[in-house]
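Overview (structure and organization)
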Amino acid sequence: MFKDFYRHFMWSGLIIALLIFELFASPAPVVAQERNRTIRSISFEILQIFDKPKNSFYETVNSLKLDTQESVLRKELLFREGDDYEQFLVLESERVLRQLRYLRDVSIQEVVDGEFVDIIIHGQETWTIIPQVSYSSGDGRTKQSVGLAESNLLGYGKRLELLYKQEEESDAVQAVYDSRNFFETKNQFLAGFFDGSEGTEGLIEIGNPYRSLVQESSWGITLDGGDTLERLWHSGDERFIYGKEHLLFDVAFSRSFGNPEDTTHRLSFGYEYEDSRFRLGDAGDIADLDIDPSTLTQDPSLVADNRRFSGPWLGFESIEQDFVSMNYIDRFSRVEDYNLGQTYATKVFFAPEALGSREDALLLHTGYSIGSRISSGTFVRGELAVTSRLVDSGFEDSLFHLETKAYSVLGPLFWKDFYLGKHTLAFNFFVDYGNELDKDRELIVGAQNVLRGYKANTFSGDKRFGASFEDRIHLMENAFDLISIGAAAFADVGGATFRPIDELFQDELYADVGVGLRFAFPRSSGERVVRVDFAFPLRDGPDDSGRFELRVIFSGGQLFGSRLRTERQAAQRASVDIGF
């Protein structure tokens with residue numbers, strides 16, 4: 001019965017896809033508006049890292065930094081000299097330029113002269129050669145690394161990162177090369193490599209991904225494979241070690257239609273091959289990770305079933321544009337753009353046994369997100385997503401995800417004449433509900449994502465909940481033109497369980513409170529943030545954390561950021577900062 005349903009569903013979907021694609025195959029319509037001015041000139045005023053060097057040190061830093069090539073920035077613009085002036089294209093170009101980590105304070109000035117408009121792009125260089133010397137601890141893991149990251153290689157906007165890191169029992173070498181304009185085209189080439197005691201993994205991506213709402217089409221090819229050692233967790237410690245070999249090949253094409261000033265639609269299709277094989281970790285694997293075998297439960301029944309899916313897929317995305325641009329969210333003074341418009345995305349992956357899959361399967365994903373302005377400095381964003389897999393026996397590996405983020409930039413506050421800093425209230429909330437998850441997939445809660453008062457990976461299950469509130473206080477900005485200093489007060493609550501979800505909220509919720517320090521480097525690429533948190537758990541934990549026992553965490557980045565999960569996943573491909 002399922003196979004008949006599957007066959008009809010697959011062919012019907014493909015026929016509908018071809019009809020839709022034929023209907024919208026013509027070029028995306030030009031934004032409808034009166035065009036009575038012409039862009040006469042485009043110029044760039046990009047300041048050096050230190051626009052007013054105070055001494056020879058700052059002058060030396062300026063002289064060592066190669067300026068960004070103007071040709072690189074011109075490729076990012078959505079207009080050229082001689083084009084009709086369209087304000088939306090200017091605003092969209094500004095958003096594209098702000099995504100470049102190696103520039104700061106980007107803005108576009110329009111000077112009207114009769115029927116002509118002169119465009120001036122303002123910005124400032126950042127120091128892009130970043131020594132990767134770091135030490136992170138306090139969350140139950142000790143991590144240290146040394147390396148070098150360059151996000152604007154020779155001024156051509158290319159990223160190269162090399163890193164050697166140690167984390168508890170394992171060490172690894174990682175490398176990433178990312179060319180946003182490969183061979184002077186708008187195609188992007190990205191390659192990443194990871195090798196260490198936990199295994200080897202490599203990633204290659206090439207294509208022309210969407211960078212703006214007005215882009216008419218995109219394409220991409222992805223090859224990702226590796227042989228790694230993976231872990232399942234309990235109370236902050238490894239409980240099970242297994243090996244995983246995987247290979248992913250995906251080719252994708254997409255076409256955009258609609259009015260980008262209002263709502264853009266994207267129809268995508270492609271072919272995907274995904275093969276994952278699992279094995280029980282042996283004594284050699286455990287020795288490589290330097291783990292005491294007596295602490296593990298190496299039960300063969302915990303090994304996940306091998307999976308292979310092969311076949312065509314079809315996707316659709318609808319994006320309503322309603323952007324807000326704000327700073328003092330995650331990165332002090334750096335302005336970031338957030339789309340509050342409705343976004344809907346769905347993907348159906350047809351993986352029949354006839355095309356190489358281990359069994360007939362439909363892999364499904366659908367998601368919806370929306371935001372809202374509460375006031376000029378306050379906004380809320382939310383996301384709802386469901387993924388599942390349909391096979392002969394029914395639905396499996398299903399995950400329901402709900403996430404909400406809220407930010408309110410209060411600005412500078414005073415108590416009488418005493419300056420209390422610039423305050424931003426930040427709130428993060430999520431619920432994940434899994435059903436029949438694959439054995440290698442578990443939902444984790446700990447110091448790395450929610451509960452700072454407990455060790456990383458302390459709580460695991462197929463259902464989890466987390467909520468965090470922070471008052472982010474920006475005390476001192478751009479001190480000595482080098483560093484910004486802030487603080488935070490926070491409260492976290494969360495947990496994970498394999499039991500019914502009502503028992504999670506009745507018996508298995510944990511919480512902590514604390515304060516922290518924040519350090520940012522505004523003239524470095526991306527204005528990186530370092531945080532130091534002092535957290536106090538409000539309940540004894542299974543990781544032996546005692547009630548009110550101080551835990552000090554030193555780490556990079558905010559505990560939770562302003563991007564929704566689907567946005568974060570898209571941005572995490574081959575990033576040394578995050579790891580594979």
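You'll find the structure just up there.
All of these numbers come straight from a predicted model, not from anything done at the bench. (Residues numbered from 1 in each chain as written. Predicted model: local features only at pLDDT ≥ 70, side-chain atom pairs only at ≥ 80, totals over all residues. Heavy atoms only, no water.)

1. Comments concerning the overall build of the protein chain
Broken down by element type, the protein chain carries seven helices and 28 strands. Counting all 580 residues of the protein chain, 51% fall into the buried class. For the protein chain, contacts bridging at least 24 residues in sequence account for 62% of all contacts bridging at least 6. Total accessible area on the protein chain is roughly 26,800 Å²; 58% of this is exposed by carbon and sulfur atoms. (Helix = DSSP H or I, 4+ residues; strand = E, 2+ residues; numbered from the N terminus. Buried < 20%, exposed > 50% of the residue type's maximum accessible area, 1.4 Å probe, protein only. Contact = heavy atoms within 4.5 Å. Areas by Shrake-Rupley, 256 points an atom, 1.4 Å probe, with all protein chains shown as cover.)

2. A word on helix α2 (residues 56–64)
Along α2, the positions that sit buried rather than exposed are Tyr58, Val61 and Asn62. Taken down its axis, α2 places every buried residue within 100 degrees of arc, on the same side. In this structure, α2 carries Ser56, Ser63 and Leu64 as exposed residues pointing more than 90 degrees from its buried face. (Arc of directions from axis to C-beta.)

3. As for the sheet that holds strand β3 (residues 116–125)
Across the sheet, three strands lie side by side as β1-β3-β2; this open sheet has mixed pairing. The open sheet has two edge strands, β1 (38–47) and β2 (103–113), and neither has a second partner. Going across the sheet, the axis of each strand differs from the next one's by a mean of 15 degrees, ignoring polarity. (Pairing = 2+ DSSP bridges. Axes fitted to C-alpha atoms, helices over the stretch in contact; angles between N-to-C directions.)

4. A word on unusual backbone geometry
One non-glycine residue, Phe332, lies in positive phi territory at about 55 degrees. By the secondary structure assignment, Phe332 is in the loop between β15 (323–326) and β16 (336–339). By relative accessible area, which is 2% here, Phe332 ends up buried. Of note, Asn478 is a non-glycine position whose phi angle comes to about 55 degrees, a positive value. Mapped onto the elements, Asn478 comes out in strand β24 (residues 463–479).

5. Description of the packing of aromatic side chains
On inspection of all chains with the given rule, the structure shows 16 aromatic pairs. Relative to Phe189, the ring of Tyr177 has its centre 6.4 Å away and its plane inclined at 50 degrees; by these criteria the two rings are tilted. Taken together, the positions of Tyr177 in strand β8 (residues 170–179) and Phe189 in strand β9 (residues 188–196) put the pair 12 residues apart, joining distant regions of the chain. Through successive ring pairs, a cluster of aromatic residues spans Tyr177, Phe182, Phe183 and Phe189. For the cation-ring pair, Lys347 lies above Trp313, with the distance from its terminal atom to the ring centre recorded as 4.6 Å. Sitting above the plane of the Tyr433 ring, Lys463 keeps its charged end 5.4 Å from the centroid. (Phe/Tyr/Trp six-rings, centres within 6.5 Å; stacked < 30°, edge-to-face > 60°. Lys NZ or Arg CZ within 6 Å of the ring centre and 35° of its normal.)

6. Some points on the pattern of salt bridges
Here the structure, examined in full by the defined rule, presents 51 salt bridges. Here Lys347 ties to Glu272 by a salt bridge, and the two come within 3.2 Å at their closest N and O atoms. In this pair, Lys347 is assigned in strand β17 (residues 343–351) and Glu272 in strand β13 (residues 263–280), connecting sequence segments 75 residues apart. A relative accessible area of 28% means that Lys347 is categorised as partly exposed. On the basis of relative accessibility, which here comes to 9%, the residue Glu272 falls in the buried class. For the salt bridge of Arg499 with Glu503, the shortest nitrogen-to-oxygen distance reads 2.4 Å. When salt bridges with common partners are traced through the structure, they connect Asp330, Arg452, Glu470, Arg472, Asp492, Arg518, Arg531 and Asp533 into a single cluster. (Salt bridge = Lys/Arg side-chain N within 4 Å of Asp/Glu carboxyl O.)

7. Quick notes on the environment of Gly281
Among the secondary structure elements, Gly281 is positioned in the loop between β13 and α5 (283–288). Between the C-alpha atom of Gly281 and that of Lys244, which follows or precedes it by 37 residues, the distance is 9.4 Å. Excluding anything up to four places from it in sequence, Gly281 contacts Ile241, Tyr242, Gly243 and Gln298.

8. Concerning a nonpolar patch on the surface
Side chains of Ile204, Trp219, Ile221, Leu223, Leu247, Phe249, Phe253 and Phe269 sit close together on the surface and give an oily, nonpolar patch of about 660 Å² of accessible area. Here Phe249 is to be found in strand β12 (residues 237–259). Judged by relative accessible area, which is 35%, Phe249 ranks as partly exposed. (Patch = residues over 30% accessible without salt bridge, like charges linked within 9 Å, V, L, I, M, F, W, Y side chains within 5 Å.)

9. What about the environment of Glu94?
Inspection of the secondary structure puts Glu94 in helix α4 (residues 87–98). What Glu94 contacts, discounting residues up to four positions off in sequence, is Val106, Ser107 and Ile108.

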